[in-house]
Structure formats: C-alpha cells, structure tokens
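So you can see what is in the structure, the chains are spelled out below.
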Amino acid sequence: MPAGTLYRGREGMWSWVAHRVTGVLIFFFLFVHVLDTALVRVSPEAYDTVVATYKTPIVALLEYGLVAAVLFHALNGLRVIAVDFWLQGARYQKQMLWTVVAVWVVLMIGALYPVLGHATRELFGS
C-alpha cells in the first residue's frame, strides 16, 4: 500500500464499496421509477398493471432493500463529508463508520413494520 492512503482494505474500503453499490442501486431504482411513471402517458392500462405488481410481498422486500440502500448511502455520505472536511475526520473514520452502521441497524429495525407490515398481513392474514 502506498503511504498516506486512507483506505487500506479494512472497514473504510468496505464502506467505500458499499457506498458505490448503494449509489448504483439507487440510480437504477430512479431510472425504473421514471420509466414506469412515464408509462402513464403512453398507456394508463399498462401503468395500472405495473403498479398492481408493486403491491406484492416480493416487491415489499425490494422496497425494504431500497430503504436500506438509501439510508446507508445517506448516513455514510455524511460520514464521508466528515472525513473530508473535519480535520480529525480521518483519525476517527473507523469509529464514525461503526456509528453509521449502528444507526443504520436501528433505523432498519424501525422500518420493518412500516415497510413490510402490509406484505406480512397479506401473506399471513391480520
């Protein structure tokens, strides 16, 4: 490893990879979202069919994954800003990453019912 590099294949590198992967996933979601929303101008019936498929339990799991990606990307982005602009950021980047992960886990637990509650009721009843 060259001297002076911040990421050395440990937590910081995995954070870097996860930030890029979540960014790409969010981009593709936005791309599909724009396409399916534009479908209403082409064929309202096709749009209704597509939107009906979004109410399935499998799509609810995908929505939970989207929430996970957006939350991690946002929280890690704040950490990256702190590392870049705070003079002590590089020194504390590992602790900030574990703080991001802890906050992310708490928020994901809190998102379970709002995101997956409908799918659970549909699969297992009220």
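Note: the structure precedes this text.
Definitions and cut-offs
- Residues numbered from 1 in each chain as written.
- Predicted model: local features only at pLDDT ≥ 70, side-chain atom pairs only at ≥ 80, totals over all residues.
- Heavy atoms only, no water.
- Phe/Tyr/Trp six-rings, centres within 6.5 Å; stacked < 30°, edge-to-face > 60°.
- Helix = DSSP H or I, 4+ residues; strand = E, 2+ residues; numbered from the N terminus.
- Buried < 20%, exposed > 50% of the residue type's maximum accessible area, 1.4 Å probe, protein only.
- 1 Å grid on protein atoms, 1.4 Å probe; cavity = no way out; pocket = protein on both sides within 12 Å on 5 of 7 lines; lining within 4 Å.
- Points joined across faces, edges and corners; volume = space filled by probe spheres on them.
- Polar contact = N/O pair within 3.5 Å; in protein donor to acceptor, adjacent residues only side chain to side chain.
- Contact = heavy atoms within 4.5 Å.

Asker: Now, about the packing of aromatic side chains: what can you tell me, with residues and values included?
Answerer: Applying the stated criterion across every chain yields a total of three aromatic pairs. Ring centres of Phe-72 and Trp-104 lie 6.4 Å apart, and the angle between their planes is 85°; on these two criteria the pair is classed as edge-to-face. Here the residue Phe-72 occupies a position in helix H3 (residues 57–85), and Trp-104 occupies one in helix H4 (residues 93–124), the gap between them amounting to 32 residues. Both rings, one in Trp-86 and one in Tyr-92, keep their centres 5.6 Å apart while their planes meet at 15°; by these two values the pair is stacked. Since its relative accessible area comes to 34%, Tyr-92 is described here as partly exposed.

Asker: So, the layout of surface pockets: which residues are in play, and what are the values?
Answerer: Of the pockets and cavities examined, the largest pocket occupies roughly 460 Å³. Considering the residues around the largest pocket, the lining is formed by 16 residues, among which Phe-29, Val-59, Leu-62, Glu-63 and Leu-66 are closest to the centre. Among the elements of the structure, helix H1 (11–42), helix H2 (44–53) and H3 are those that each provide at least two residues to the lining of the largest pocket. In terms of residue count, H1 provides more of the lining of the largest pocket than any other element does, seven residues in total.

Asker: Give a detailed account of the environment of Arg-91, specifying residues and quantitative values.
Answerer: If you trace the backbone, Arg-91 turns up in the loop between H3 and H4. The exposed category is assigned to Arg-91, whose relative accessible area is 59%. Expressed as a C-alpha distance, the spacing of Arg-91 and Gly-9, which sit 82 residues apart in the sequence, is 16 Å.

Asker: Quick one: what's the story with the side chain of Asn-76, residue by residue and with numbers?
Answerer: Relative to the elements of secondary structure, Asn-76 occurs in helix H3. We classify Asn-76 as buried; its relative accessible area is 1%. One polar contact links Asn-76 to His-19, side chain to side chain, over a distance of 3.1 Å. Apart from residues no more than four positions distant in its own chain, Asn-76 is found in contact with Ser-15, His-19, Leu-97 and Val-100.

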